[in-house]
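Examination of the molecular architecture
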Amino acid sequence: MTRKKIRENLYIMLFRVDFYEKEELKDQAEIYLGEEIEGASEKEKEELQSKFGTVLDNLDVIDAEIESKAKGWTVKRIAKAELTVLRLAVFEILYADDVPDGVAINEAVELSKLYCADKAKGFINGILSSVVKAKESGNKDNGMEDQDGQDNKKD
């Protein structure tokens, strides 16, 4: 299964978040991985389960990041398809070290072309660009390494 296909399956799993109680989501993920997904190896299913769990564990932080960059919008007002794309991409930007930020944004825009309204890609791109800028600014301000592994700490 390609990285793109894994991302799309994670999107499908995450889309369910607002339609089930939090306690039910792990069971829903297991149902999806056991009965609905096609062509995934056990290793790929474990990867999806792990990423899904990380998103759920950090959902409040992810949603707060989205709201802070979506001026005038709350996560409750954002269409569910767009919100799911944003959640997935913010997860990748903040928590998935194996996904470069630019790839996370580009893949989110591509997912939005499949699942979201026509005008959503600009909205999504703008929010995600702001998330990346804030992350990079925060890394520099905190003396941390940026995404390319360069030490930004000033002596």
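Let's shift gears to the pattern of salt bridges. Across all of its chains, the model carries 13 salt bridges by this definition. Residues Lys69 and Glu65 are paired through a salt bridge, measuring 3.2 Å at the closest nitrogen-oxygen approach. Of this pair, Lys69 and Glu65 both sit in helix H4 (residues 59-69), separated by four residues, roughly a single helical turn. Lys135 is paired through a salt bridge with Asp101; the nearest N and O atoms lie 3.0 Å apart. Here Lys135, found in helix H7 (residues 120-141), pairs with Asp101, found in helix H6 (residues 101-115); they are 34 residues apart in sequence, far enough to count as distant. One salt-bridge network, held together by shared partners, links Lys4, Arg7, Glu92 and Glu107.

Further remarks concern the packing of helix H1 (residues 3-15) against helix H2 (residues 22-36). Between H1 and H2, the least distance of the axes is 10 Å, while the angle of their chain directions is 140 degrees. With respect to each other, H1 and H2 are oriented oblique. The way H1 lies across H2 gives a crossing that is right-handed. For the pair H1 and H2, the contacting residues are Asn9, Ile12 and Met13 in the first and Ala29, Tyr32 and Leu33 in the second.

The next thing to look at is empty space enclosed by the protein. Counted by the stated rule, this structure contains one cavity of 30 Å³ or more. In terms of residue count, the dominant contributor to the lining of the largest cavity is H1 (four residues). A per-class count over the lining of the largest cavity returns three nonpolar, no polar and four charged.

Now for the packing of aromatic side chains. Counting across every chain of the model gives five aromatic pairs. Ring geometry for Tyr11 versus Tyr115: centroids 4.4 Å apart, planes at 25 degrees, classification stacked. Within this pair, whereas Tyr11 is found in helix H1, its partner Tyr115 is found in helix H6, the two being separated by 104 residues in sequence. Judged by relative accessible area, Tyr11 falls into the buried class, the value being 3%. On the basis of relative accessibility, which here comes to 31%, the residue Tyr115 falls in the partly exposed class. Here the aromatic rings of Phe91 and Tyr95 are separated by 6.5 Å at their centres, their planes lie at 20 degrees, and the arrangement is stacked. One end of the pair is Phe91 and the other is Tyr95, both in helix H5 (residues 80-95) and four residues apart, which spans about a single turn. Residue Tyr95 is classed as partly exposed on the basis of its relative accessible area of 29%. Members of the aromatic cluster, joined through ring pairs, are Tyr11, Phe15, Phe19 and Tyr115. The ring of Trp73 carries the charged tip of Arg77 above its face, separated from the ring centre by 4.3 Å.

Criteria and cut-off values
- Residues numbered from 1 in each chain as written.
- Predicted model: local features only at pLDDT ≥ 70, side-chain atom pairs only at ≥ 80, totals over all residues.
- Heavy atoms only, no water.
- Salt bridge = Lys/Arg side-chain N within 4 Å of Asp/Glu carboxyl O.
- Helix = DSSP H or I, 4+ residues; strand = E, 2+ residues; numbered from the N terminus.
- Axes fitted to C-alpha atoms, helices over the stretch in contact; angles between N-to-C directions.
- Parallel < 35°, antiparallel > 145°, perpendicular 65-115°, else oblique.
- Left-handed = near helix turned anticlockwise from the far one by under 90°.
- Contact = heavy atoms within 4.5 Å.
- 1 Å grid on protein atoms, 1.4 Å probe; cavity = no way out; pocket = protein on both sides within 12 Å on 5 of 7 lines; lining within 4 Å.
- Points joined across faces, edges and corners; volume = space filled by probe spheres on them.
- Nonpolar A, V, L, I, M, F, W, Y, C, P; charged D, E, K, R; others polar.
- Phe/Tyr/Trp six-rings, centres within 6.5 Å; stacked < 30°, edge-to-face > 60°.
- Buried < 20%, exposed > 50% of the residue type's maximum accessible area, 1.4 Å probe, protein only.
- Lys NZ or Arg CZ within 6 Å of the ring centre and 35° of its normal.

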